[in-house]
Amino acid sequence: MHLQIFVTESFKVTDNAILKELSPFDAFENYCKNIEPVYEAMEKSTAQSLLKFHGGRIGSDLDEINREQIDSFGSLMNYISDRIDEVKDLAPGIDAAVSTYTKEMQNSFNEALAQSTAELRKHIEDEFNYSGVQTYRDHMKVGSKQLNNIKPPNVIEKIWEIYKELDGYRDNNFLIEQFLGVSKNPIYNREMYLHEKVTSAYNELNVIGYYPDSKMKNDRRFTAAMSDAGHAAIASFSHYLFSRDAAFIHKTRAVYEYLHVKTQVIEVIINDV
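Residues numbered from 1 in each chain as written. Predicted model: local features only at pLDDT ≥ 70, side-chain atom pairs only at ≥ 80, totals over all residues. Heavy atoms only, no water.

Student: Would you mind showing me how to read the side chain of T14 here?
Tutor: Its place among the elements puts T14 in strand 2 (residues 13-20). According to the relative accessible area criterion, T14 is buried, its value standing at 11%. A polar contact is formed between the side chain of T14 and the backbone nitrogen of N16, at a distance of 3.2 Å. (Helix = DSSP H or I, 4+ residues; strand = E, 2+ residues; numbered from the N terminus. Buried < 20%, exposed > 50% of the residue type's maximum accessible area, 1.4 Å probe, protein only. Polar contact = N/O pair within 3.5 Å; in protein donor to acceptor, adjacent residues only side chain to side chain.)

The following block contains the structure:
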């Protein structure tokens, strides 16, 4: 069976999923046929900022990462423009409109990067060796040893009881929804869907150090951790989730409990024969 988030014809993500019978080999082949290198390059480049936040990209400053992202976004805009050439005879004037649109998008993207970088630099002393996660944990003075000793039920509520009195949260009247990143989405101006909340809350637990994934500054480990968050999100549409990864199980159970996800998380134990 193949499970995927339902996306509308106008490419809007929904809070529904599609379940269909499909060979995993066919599903993978369909994916390979439909993914464009320009999309993969864009996805990889945008993830570099988050990788940097987790302590990766040692030796790279923010400007270097920005250049990579600007180049990838430019390639995406060029790809869109090239596709318009195939249909411009069917819709007179569309090429000029798209040309204007892609230029505006590129300028907006460049400006957003510049603003975010300027804000980050207010809090970073050494860009080349920066780890936002480590800086955050050092400032909060709360570690995995303390967090991992928290037992169910209400794991996330108990974690929030610790953080809400700390510097940075207490003085800014933070709510638990803001702490987890599950409050109303400021970009789309709507409430987040359940599977989106799972992703956000799962990643936040990784950041603070609740049964965190190790070595996330490494490309492969970072990608694996992001995939785990995706697995937890997509499994929120299922009855059961099976895993033998203890850290993944602890984080997912905590998130599901807080968000009232009905999926049962089952730990798979493999005995040596």
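Student: Looking at this structure, how should I read the nonpolar core?
Tutor: The tendency in soluble globular proteins is for nonpolar side chains to be buried side by side. Membership of the largest hydrophobic core comes to 39 residues, with the highest contact counts inside it found for I159, Y163, F179, I208 and Y210. At the level of elements, helix 5 (132-140), helix 7 (155-163), helix 8 (176-180), helix 9 (194-208), helix 10 (219-234) and helix 11 (246-259) are the ones that each hand at least two residues to this core. Residue contributions to this core peak at eight residues, all from helix 11. M42, F73, M77 and F109 belong to the second largest nonpolar core, which has eight residues in total. (Core = buried A, V, L, I, M, F, W, Y, C linked by side-chain atoms within 4.5 Å.)

Student: Is there a simple way to explain the pattern of salt bridges in this structure?
Tutor: Two side chains with opposite charge may pair up if their charged atoms get near one another. Considering all chains together, one arrives at eleven salt bridges under this definition. Note that K122 is salt-bridged to E119, the shortest N-O span being 3.1 Å. Classification of E119 as partly exposed rests on a relative accessible area of 40%. One salt bridge connects D171 with R170, and the closest N-O pair in it is separated by 3.4 Å. Overall, the relative accessible area of 39% leaves R170 in the partly exposed class. Salt bridges here are not isolated pairs; linked through shared partners, they connect R57, E64 and E68. (Salt bridge = Lys/Arg side-chain N within 4 Å of Asp/Glu carboxyl O.)

Student: Please explain helix 10 as it appears in this structure.
Tutor: Side chains that are three or four residues apart share a direction in an α-helix, a result of its 3.6 residues per turn. Over its 16 residues, helix 10 runs 23 Å from end to end, which matches the ideal 22 Å to within 8%, given 1.5 Å per residue. Residues of helix 10 that are buried: F222, A225, D228, A229, A232 and A233. Take helix 10 and look down its axis: the buried residues cluster within an arc of 140°, on one side only. In this structure, the buried residues of helix 10 make contact with helix 2 (37-53), helix 9 and helix 11. The backbone nitrogen of R220 has a side-chain oxygen 2.9 Å away, supplied by the residue at the start of helix 10, namely N218. (Expected span 1.5 Å × (residues − 1). Arc of directions from axis to C-beta. Contact = heavy atoms within 4.5 Å.)

Student: Even after reading the chapter, I still don't get the pairing of strand 4 (residues 264-267), so can you show me in this structure?
Tutor: Side chains on a regular strand alternate between the two faces of the sheet. Looking at chain direction, strand 3 (residues 240-243) and strand 4 are connected through four bridges and run parallel. Note on strand 4: the bridge partner recorded for F242 is I266. In this fold, the crossover linking strand 3 to strand 4 by way of helix 11 has right-handed handedness. (Pairing = 2+ DSSP bridges. Right-handed = clockwise from strand over helix to strand, strands pointing away.)

Student: What exactly am I supposed to notice about a negative patch on the surface here?
Tutor: A contiguous patch of negative charge, built from D82, D85, D89 and D95, is present on the exposed surface. Residue position: D82 is located in helix 3 (residues 62-84). The class of D82 is partly exposed, set by a relative accessible area of 41%. (Patch = residues over 30% accessible without salt bridge, like charges linked within 9 Å, V, L, I, M, F, W, Y side chains within 5 Å. Areas by Shrake-Rupley, 256 points an atom, 1.4 Å probe, with all protein chains shown as cover. Lys, Arg positive; Asp, Glu negative; His and termini not counted. Charge placed at Lys NZ, Arg CZ, Asp CG, Glu CD.)

Student: Sorry, what's going on with the environment of G132 here?
Tutor: In this structure, G132 sits in helix 5. Here G132 falls in the buried class, since its relative accessible area comes to 4%. Separated by twelve residues in sequence, G132 and L120 place their C-alpha atoms 9.8 Å apart. In contact with G132, other than residues within four places in its own chain, are K52 and F53.

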